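# Coordinate inspection notes
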Amino acid sequence: MLDYIIVGSGLAGIAFSEMALKNNKTIFVFNNQSQNSSKIAGGLYNPVILKRFSEVWKANEQLDLLYPFYKNLESKLSVTLDYKLALLRKFYSVEEQNNWFTASDKPNLSKFLSTHLITKKFDSIPSPFNFGEVLFSGYVDTALLVASYKAFLMQQNAYLEETFDYSELKINSEYIQYKDIKAKHIVFAEGFGMLSNPFFNQLPLDGTKGELLLIKAPNLNLDVIMKSSVFVLPIGNDLYKVGATYNWEDKTNIPTEAAKKELTDNLKELINCDFEIIEHYAGVRPTVKDRRPLVGTHPIHNNIHVLNGLGTRGVMLAPAMALDLFNLIENKIPLDKNIDISRIKNFVSSSYHNE
């Protein structure tokens, strides 16, 4: 009998798989490739919400886990995943500069916001008011991570690409069984696909569509992540990711002309050199109204668990949330009430009612 069946192999599923393997647990992963938000994500990690100059929730704890987590994966998979890059926020006025310095004085932000104005001039980015630098930022190559981890699991005979058939799941008090696989626990890490999951589809997962461009701009010569109304992320060979849009109505993975126009218009406001669009990506992020992940154990079945709702910050959140769920299951360490699905009172009561 296995320790874990894991459904989903995006950032959440990979993080939990790693947590289990690191603790000598046996796993089997199912994935149907229906969700692609991890694969097409910008992969940015950044401890500050730049729109409001506020700290990302539990940023310190997440960064403490982030660096060793991706470093270990790089070693295990023989790939480079974590690129530590400065992130510059372009200022458009003296007022924005002042807001930045006010924020950098706050105890919870002083570690992350440099008080030294960046006056460097970039060839193709006019900047009369200069830039602020966010520290401890960078990006993870999420597409390479997803592909490499899938290959690793396949080598271990621990991966199957198929749509999970919930009706085939047999639940026993001591174990669960899916077709011919028995395990002590099952963890659902399906991203936006959770809306098809009868055990957890009443949780308040919104889903926010995001679109992203891959451009080629030989004259941009950018060696940092640039943030204004869009982010511009250099990935080498004159290629840059440009993102991202937010659409709360459209729940498809289909790129739209409206989003392309929004991104290109905003990009043209930031840079003044020519660029060519190479690719246009779209995916639905698993977002939650209260902006906190959905983590925990089903109110009735103590061997069925969920790890979801990582939203726009999956790269930072995944290692921390996977550790919290693993500690809940294996060590009975209670979850932070901010992430525990027990905070969703309607879900808890309706689960009992439906059973």
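Residues numbered from 1 in each chain as written. Predicted model: local features only at pLDDT ≥ 70, side-chain atom pairs only at ≥ 80, totals over all residues. Heavy atoms only, no water.

### What about the sheet that holds strand 3 (residues 44–45)?
Just so we agree on the cut-off: DSSP-based pairing: two strands are paired if at least 2 bridges between them are found. For helices the rule is a DSSP run of H or I covering at least 4 residues; for strands it is a run of E covering at least 2, with both sets numbered from the N terminus onward.
In space, the three strands of this open sheet follow the order 3-9-6, with antiparallel pairing throughout. Here the strands that pair on one side only, and so sit at the sheet edges, are strand 3 and strand 6 (82–84). Pairing of strand 3 with strand 9 (residues 138–140), which is carried by two bridges, proceeds in the antiparallel orientation. Of the residues in strand 9, the one forming a bridge with Tyr45 is Gly138.

### Structural notes on the packing of helix 1 (residues 11–22) against helix 3 (residues 59–77)
Just so we agree on the cut-off: Helix axes are fitted only over the stretch in contact, all axes being lines through C-alpha atoms; the angle between N-to-C directions runs from 0 to 180 degrees. Each angle is binned into one of four classes, with values under 35 degrees roughly parallel, values over 145 roughly antiparallel, values of 65 to 115 roughly perpendicular, and all other values oblique. Contacts are assigned to residue pairs that have any heavy atoms within 4.5 Å of one another. Three classes are used: nonpolar for Ala, Val, Leu, Ile, Met, Phe, Trp, Tyr, Cys and Pro, charged for Asp, Glu, Lys and Arg, and polar for all others, with Gly counted as polar.
It is at 12 Å that the axes of helix 1 and helix 3 come closest, and there the two elements cross at 80°. Between helix 1 and helix 3, the interaxial angle falls into the category roughly perpendicular. For the pair helix 1 and helix 3, contact is made by Leu11, Ile14, Ala15, Glu18 and Leu21 and by Phe69, Tyr70, Leu73 and Lys76, respectively. A class-by-class count of the residues in the contact of helix 1 with helix 3 yields seven nonpolar, no polar and two charged.

### Examining the pairing of strand 7 (residues 87–90)
Looking along a regular strand, one sees the side chains alternate between the two faces of the sheet. What counts is decided by this rule: Relative accessible area decides the class of each residue, using a 1.4 Å probe on protein chains only: under 20% of the type maximum gives buried, over 50% gives exposed, and in between gives partly exposed.
Of the two faces of strand 7, both are covered, the one formed by Leu87 and Arg89 as well as the one formed by Leu88 and Lys90. Of the pairings in the sheet, the one linking strand 7 to strand 8 (residues 131–134) comprises four bridges and is antiparallel in character. In the strand pairing of strand 8, Leu88 is matched with Glu133. The sheet contact formed by strand 7 and strand 15 (residues 225–227) spans three bridges and is parallel. Paired with Arg89 across the strands is Lys227, a residue of strand 15.

### Notes on the layout of surface pockets
Short version of the rule: In the cavity and pocket records, a cavity denotes points on a 1 Å grid over the protein atoms alone where a 1.4 Å probe fits but cannot get out, a pocket denotes an open set with protein on both sides within 12 Å along at least 5 of 7 lines, and lining residues are residues with an atom within 4 Å of a point. Grid points are joined across faces, edges and corners, and a volume is the space filled by probe spheres set on the points.
Approximately 200 Å³ is the volume attributed to the second largest pocket. Around the second largest pocket, the lining residues are Glu18, Met19, Lys22, Leu65, Pro68, Phe69, Asn72, Leu73, Pro319 and Leu323. Those elements that provide at least two residues to the lining of the second largest pocket are helix 1, helix 3 and helix 7 (314–331). Counting residues per element, the lining of the second largest pocket draws most heavily on helix 3, at five residues.

### A few points about the side chain of Asn130
Structurally, the position occupied by Asn130 is in the loop between helix 4 (94–104) and strand 8. Leaving out residues up to four positions away in the same chain, Asn130 has contacts with Arg89, Lys90, Phe91, Gln97, Leu117, Ile118, Thr119 and Lys121.

### Side note on the sheet that holds strand 14 (residues 208–216)
Judged by pairing direction, the sheet is mixed, and its seven strands sit side by side in the order 8-7-15-16-17-14-18 without closing on themselves. Only two strands of the sheet have a single partner each, and these edge strands are strand 8 and strand 18 (276–285). Neighbour to neighbour, the strand axes of the sheet diverge by 25° on average, direction disregarded. Running at roughly 55° to strand 14, helix 6 (residues 257–270) makes contact with strand 7, strand 14, strand 15, strand 16 (231–236), strand 17 (239–243) and strand 18 of the sheet.

### With respect to the packing of aromatic side chains
Where we set the bar: Working definition: rings of Phe, Tyr and Trp (its six-membered ring) pair if their centres are within 6.5 Å, and the pair is stacked with planes under 30 degrees apart, edge-to-face with planes over 60 apart, and tilted otherwise. Working rule: Lys NZ or Arg CZ, within 6 Å of ring centre, within 35 degrees of ring normal, means a charge sits over the ring.
Throughout the structure, instances matching the rule amount to 21 aromatic pairs. An aromatic cluster is built from Phe28, Phe30, Phe164, Tyr166, Tyr178, Phe188, Phe199 and Phe200, whose rings are joined through pairwise contacts. Above the ring of Tyr175, the side-chain terminus of Lys182 is found at 4.5 Å from the ring centroid. Over the ring of Tyr246 we find Arg285; its NZ or CZ atom is 4.2 Å from the centre of that ring.

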